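Commentary on secondary and tertiary structure
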Amino acid sequence: MIKIIGCLIGDFNNVRRTCERKRVGGIELGRRERTDFNNFIDNTELEDVSLLGRKFTWLRPSGTTRSR
């Protein structure tokens, strides 16, 4: 059996868990979006690589929004 190993990088505008996005006064993503995103990752057998260091990869300059 041959296993193909690769890397998929992109800006998916979604998170796997609610703790991965913090907003002040904004609309939170619904459970359906998180479920669909997690199903996509599971069905394509992708792995979510852990971050080292910072908890979030994107910060709004005003500090009102943070996301992984």
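Here is a short report on the structure shown in this document.

1. Things to note about the sheet that holds strand β3 (residues 65–67)
- Across the sheet, three strands lie side by side as β1-β3-β2; this open sheet has antiparallel pairing. The open sheet has two edge strands, β1 (21–23) and β2 (58–59), and neither has a second partner.
- Pairing geometry for β1 and β3, over three bridges, is antiparallel. Directly across from Arg-21, in β3, lies its bridge partner Ser-67.

2. Overview of a nonpolar patch on the surface
- Taken together, the side chains of Leu-8, Phe-12, Phe-40 and Leu-46 present a nonpolar region at the surface, about 350 Å² in accessible area.
- By the secondary structure assignment, Phe-12 is in the segment before β1.
- The class of Phe-12 is partly exposed, set by a relative accessible area of 40%.

3. Focus on the environment of Arg-66
- By secondary structure assignment, the location of Arg-66 is in strand β3.
- Excluding its chain neighbours within four sequence positions, the residues that come into contact with Arg-66 are Glu-20, Arg-21, Lys-22, Phe-56, Trp-58 and Leu-59.

4. Observations regarding unusual backbone geometry
- In this structure, Glu-45 is a non-glycine residue whose phi angle is positive, near 60 degrees.
- Within the secondary structure layout, Glu-45 lies in the loop between α1 (31–43) and β2.
- Residue classification places Glu-45 among the exposed positions, given a relative accessible area of 72%.

5. Quick look at the pattern of salt bridges
- Counted according to the given criterion, the structure contains five salt bridges.
- For Asp-42, the salt bridge goes to Arg-16, with nearest N and O atoms at 3.7 Å. You can see Asp-42 sitting in helix α1 and its partner Arg-16 sitting in the segment before β1, a full 26 residues away along the chain.
- Taking relative accessible area as the criterion, Asp-42 reaches 48% and is therefore assigned partly exposed.
- The closest approach of N and O atoms between Asp-48 and Arg-16, which form a salt bridge, is 3.9 Å. Placement of the pair is Asp-48 in the loop between α1 and β2 and Arg-16 in the segment before β1, with a sequence separation of 32 residues.
- Owing to a relative accessible area of 32%, Asp-48 belongs among the partly exposed residues under this scheme.
- Overlapping salt bridges, with partners in common, bring together Arg-16, Arg-17, Glu-20, Asp-42 and Asp-48 in one network.

What counts, and at which threshold
Residues numbered from 1 in each chain as written. Predicted model: local features only at pLDDT ≥ 70, side-chain atom pairs only at ≥ 80, totals over all residues. Heavy atoms only, no water. Pairing = 2+ DSSP bridges. Helix = DSSP H or I, 4+ residues; strand = E, 2+ residues; numbered from the N terminus. Patch = residues over 30% accessible without salt bridge, like charges linked within 9 Å, V, L, I, M, F, W, Y side chains within 5 Å. Areas by Shrake-Rupley, 256 points an atom, 1.4 Å probe, with all protein chains shown as cover. Salt bridge = Lys/Arg side-chain N within 4 Å of Asp/Glu carboxyl O. Buried < 20%, exposed > 50% of the residue type's maximum accessible area, 1.4 Å probe, protein only. Contact = heavy atoms within 4.5 Å.

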